[in-house]
Amino acid sequence: MAKVALLVGVSEYEPGLNPLPAAVEDVKAIQQVLLHPDIGGFAQADVTLLSNPARQQMEEAIENLFAGRNKDDLVLFFFSGHGIKDDTGRLYLATHKTRKNLQGELIRSSAVSASFVQESMNRSRCRRQVVILDCCFSGAFAEGLLVRDDGSVNIQEQLGGEGRAILTSSSSTQYSFEQEGSQLSIYTRYLVEGIKTGTADLDEDGFISIDELHEYAKKKVRETQPSMKPEIYAIREGFKIRLTKVPPVNPKERYRKEVKRYINRGEVSFVGRNILDVLRNRLGLSVAEATAIEDEILEPYRQEFREKLKQYEQVFTQLMKRQSTVSENDRQELRNLQQILQLGYEDTVPIEERVTATLENYGKNLQQYELEFFKAVRQNYPLSESTSIKLQQIQQQWQLADGDIVLIQNRVLAELETHRQKLQQYENFFLSATQKEYPLSEATRQELQQQQRRLELTDEDVTPIKARITAQIEEYQQKLQRYEQVVHELIRREYPISHETREELRRFQQALELSDSEVSHIEERVLRNREVIQSIANNLSLSPTLPSKQQQPVQAETIQSVHGVTPTPVPLSVPKSSDASENYWTPAKHIPKITAGLAVGGVIATGVVGVIATGIVVNLFSTPQESNSSSSTTSSSAVNKNIPDLGGNVSLTGAGASFPAPLYQTWFQALLNRKYPNLQVNYQSIGSGAGVEQFIKGVVDFGASDVAMTDEEIKKVERGVLLLPMTATSLVLAYNLPGVQELKLPRDVYIGIFLGTIKSWNDPKIAVANPGVKLPNQPITIVHRADGSGTTGVFTRHLSAISPEWKSKVGDGKTVNWPAGIGAKGNEGVTAQIQQTQGSIGYVEYGYAQQNKLNCAALQNKAGQFVTPSERSASKTLESVQLPENLRVFITDPEGQSSYPIVTYTWILAYKKYPDAAKAKAMEAMIEYGLTEGQKVAPQLGYVPLPENVVKKVAAAADAISPDYKIAVGGANASK
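Residues numbered from 1 in each chain as written. Predicted model: local features only at pLDDT ≥ 70, side-chain atom pairs only at ≥ 80, totals over all residues. Heavy atoms only, no water.

A. Region of interest: helix H6 (residues 186-197). Its 12 residues place the ends of H6 16 Å apart at the C-alpha level, agreeing with the 16 Å of an ideal helix rising 1.5 Å per residue. Following H6 by one or two positions, Gly-198 has its phi on the positive side, about 80 degrees. (Helix = DSSP H or I, 4+ residues; strand = E, 2+ residues; numbered from the N terminus. Expected span 1.5 Å × (residues − 1).)

Here it is as structure tokens:
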């Protein structure tokens, strides 16, 4: 009588089937018990082991296993791996190369069918055949191989037969679990355990039959994983096929059997404890070994006890959630439940105390969450992504139920909606008051305060409303002033103005979003003033200062609007004639003082007319460059001659970095209104990341970035790229700590703050660097950019340069995964967030901090010195940096005793080639202006002007854009 076995384990599969690492370990474990001379008694040559075989190899081994066997031989086929049922219900055993087609169906020729196994067994003369399938069905079906399934596998029909026993780890298409921390799958683990320990010998006859092995493994599997249902399929003698012998009795198994005899209510009885102690010494077991055996046997009983405790806790918790106290009737019912569950008072009292304390703490956490949510929605609603994530983290940390959170949010939002309506009412009152008069009188202010008290609003509530509307009024007045200045300049250059000039003025009006009625009022007044000044000049026999196609006084009936409309004459002595009929902020009291003064110039006493008239001519009709000239006519003429020919009206569009936006917009407005009236530049502050992206796509004429483009980004631009530094600035760490005007931050400290390891302002590391400064015991709130930005790129590149920890954990880039803090969009958003949040710190461009009067920390530089950000310290940094020929440099950690540590150039991104020749010339004209006149205003806005050698390098690089324009950084432009 021979005993032969084929053990197949498949762990690795083609894409579409989950790997099963335990499968190859399963067959090794089975091989070990089969080859054991005192257990399996199989010969080494009669046990074949295949790991991850191909289909043909596996089929040949199966065929050889059953071929040529005698009737009394014992033949075992063990398979661990994926079992797959196709859409017709036929079972397949997956191989290393099993896969599916494009429709998600099994390619049957890549797997071994159960029918092939059954045919091999049917042809064999052997009548003691054992098949053990530790199959994981779920992993196969999860990838789409199961098409139509009733959830079961007909093992008996597909593999059963006379004298045959089939054991399966699952009864249907279930997942045969791999147990965490174990190398073997659950089912194989208990098969091996039952055989090796002999505990599967249920009738204690010294042999382990197939039915005994099944019953032992089934029980252990169900205790560990109830969802698995091992099954046996056998006919008559198949149940009693003896697979292995029981190994010689070992002390641990003897002790295990004795423990089971002395269990009482889930624990070892008092007398049994003493008996087992004697037995343990006799068997030579250690206390640890005996305790481990007892714990394993007692665990199911203890689990039952824990379930009872859990049930009581659930009932008591639900009761306390419904009512704050326990009534006498409730107490009696709890005693009944306690008796039914067979629990004592010593079991239930700790549960009640713990639940009561937990619910009290839960209620406090709900109150705190409501406060946090209220504060968040008051600041910004709808909530930003970062704020929502922060609230979700609070909910998860305190384990607050979704239902409770919904109730809180609904209640708070309802209250805030009521509050919002009150704010809207106040805003309507304030808006109405400003439309009637501005600035507001004391009586109006008192009336608004009464409305505020009636609506139960605080000063904190109404201050932002008043600030916003006031800012809108100021912005509106600035638009009117800008429009009036342009009209003055146009009329000074030519009168009557041409049709082309009217069209340009119309576009300027649209850009300022002013209506026809608003600009007509301005134009009417400007023309009246022109008539007055011309009349004064003629009466005093002065040389005419107003160029005109017809050198003669302008009569009232011939006054012409720049839009071709003859306005209604307005008496010079009554400049407020149209106040009552206008619904916008244009009464005379809203017009800038210089304009109001001019409007009454015609009624000033004759004795001072000459002086006033001369002042009007110089201050009103001269540009700032011309005001120091002795003759406005000569200066005006020079300007007209030097206006470059760009081939007509040209418009340029740019987008990118937010930090140079105030400077660029100042330059471009000057270009439009003064030196280049035929050039219009529109710049959008959208952040460096978005600016580079739009530049690469070619949807803008130029981009702007605080971080120079990378080689990879440059390769994407077919037209070529010029990186042109236009100014520089410092990045500062601005903070909001009332009472702390000066703050020093060492390098490791501000690294720690932004890593989130330094969390409080009175941290010893901060205190040591700031002796004598009273630092508050207040959490540090970090504010960072939420959008892709060059500012973030510069800042994180610096942090990576000085901190290996930052470089490994966070790294650098226009966007990074911040370890801590809240996000805000743009330098503007970060600045506003710092202003609103006490205890906050964030990185912004120096100009924003300066303009908004934020406190900025002195940072420790590479030389160990603490340097306060300023134009001078930034200039010192630039002096220590050599700009390469490609004009791209990253100033990550500059040298020098006086160098500020975080300084960066900001670049305009230009194409090397422009298909439109006019735009190419316009680009050079724009860059030339920025390198000359533009550098003069940079310090006023908090920016660092470029060194002279850098200006020349940039000019030389940009001069290659157009063959028809010559950039002159030392003088006027000229054609090439």
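B. Region of interest: the pattern of salt bridges. Tallied over the full model, the rule gives 35 salt bridges. Across the pair Arg-331 and Glu-352 runs a salt bridge, and its minimum N-O distance is 2.8 Å. With Arg-331 in helix H11 (residues 328-340) and Glu-352 in helix H12 (residues 345-379), this residue pair connects regions lying 21 residues apart in the sequence. Its salt-bridge partner being Lys-919, residue Asp-701 comes within 3.1 Å of it at the nearest N-O pair. One end of the pair, Asp-701, is in the loop between helix H23 (688-697) and strand S16 (702-705); the other, Lys-919, is in helix H32 (residues 917-931), with 218 residues separating them in the sequence. We classify Asp-701 as buried; its relative accessible area is 12%. (Salt bridge = Lys/Arg side-chain N within 4 Å of Asp/Glu carboxyl O. Buried < 20%, exposed > 50% of the residue type's maximum accessible area, 1.4 Å probe, protein only.)

C. Structural context of the sheet that holds strand S7 (residues 129-135). The 6 strands are arranged S2-S1-S3-S7-S8-S10 in an open sheet whose pairing can be described as mixed. Pairing within the sheet leaves two strands with one partner each, and these edge strands are strand S2 (47-51) and strand S10 (231-234). Sheet twist, expressed as the mean angle between neighbouring strand axes with direction ignored, is 10 degrees. Relative to S2, strand S1 (residues 3-9) is paired through 5 bridges, and the arrangement is parallel. Opposite Gly-9, over in S2, you have Ser-51 as the bridge partner. Here helix H1 (residues 22-35) sits on the sheet in contact with S1, S2, strand S3 (74-81) and S7, set at roughly 165 degrees to S1. Of the strands in this sheet, S3, S7 and strand S8 (164-168) touch H6, which is tilted by about 140 degrees from S7. (Pairing = 2+ DSSP bridges. Axes fitted to C-alpha atoms, helices over the stretch in contact; angles between N-to-C directions. Contact = heavy atoms within 4.5 Å.)

D. Main features of a nonpolar patch on the surface. There is a patch of nonpolar side chains on the surface, built from Phe-270, Val-271 and Ile-275 and spanning about 330 Å² of accessible area. Within the secondary structure, Val-271 is located in helix H9 (residues 270-283). (Patch = residues over 30% accessible without salt bridge, like charges linked within 9 Å, V, L, I, M, F, W, Y side chains within 5 Å. Areas by Shrake-Rupley, 256 points an atom, 1.4 Å probe, with all protein chains shown as cover.)

E. Molecular detail of the confidence of the model for the chain. Across the chain, the average pLDDT comes to 81, with 84% of residues at 70 or higher. Counted against residues more than four places away or in other chains, residues 539-641, with its pLDDT under 50, gives 149 contacts. Scored below 50 in pLDDT, residues 971-976 makes 18 contacts in the model with residues more than four places away or belonging to other chains. (pLDDT = per-residue confidence, 0-100.)

F. Focus on the environment of Val-75. Looking at the secondary structure, you find Val-75 in strand S3. For Val-75, a relative accessible area of 0% corresponds to the buried category. Between the C-alpha atoms of Val-75 and Arg-164, which are 89 residues apart in sequence, the distance is 9.7 Å. What Val-75 contacts, discounting residues up to four positions off in sequence, is Val-4, Leu-65, Phe-66, Arg-69, Cys-126, Arg-128, Gln-129 and Val-130.

G. Highlighting unusual backbone geometry. Although it is not a glycine, Asn-52 adopts a positive phi angle of roughly 55 degrees. At Gln-399, a residue that is not glycine, the phi angle is positive and equals roughly 55 degrees. With respect to the helices and strands, Gln-399 occurs in the loop between helix H13 (385-398) and helix H14 (402-436). For Gln-399, a relative accessible area of 68% gives the class exposed.

H. Focus on the environment of Lys-936. The topology assignment puts Lys-936 in helix H33 (residues 933-937). The spacing of Lys-936 and Leu-946 is 10 residues in sequence and 10.0 Å in space, taken between C-alpha atoms.

I. Expanded view of the pairing of strand S17 (residues 721-735). For S17, the buried fraction is high: 15 of the 15 residues fall into the buried class. Pairing of S17 with strand S25 (residues 903-911), which is carried by 9 bridges, proceeds in the antiparallel orientation. Note on S25: the bridge partner recorded for Leu-723 is Leu-909. Where S17 lies against strand S22 (residues 855-856), 2 bridges are found, and the strand directions are antiparallel. Paired with Tyr-735 across the strands is Asn-855, a residue of S22.

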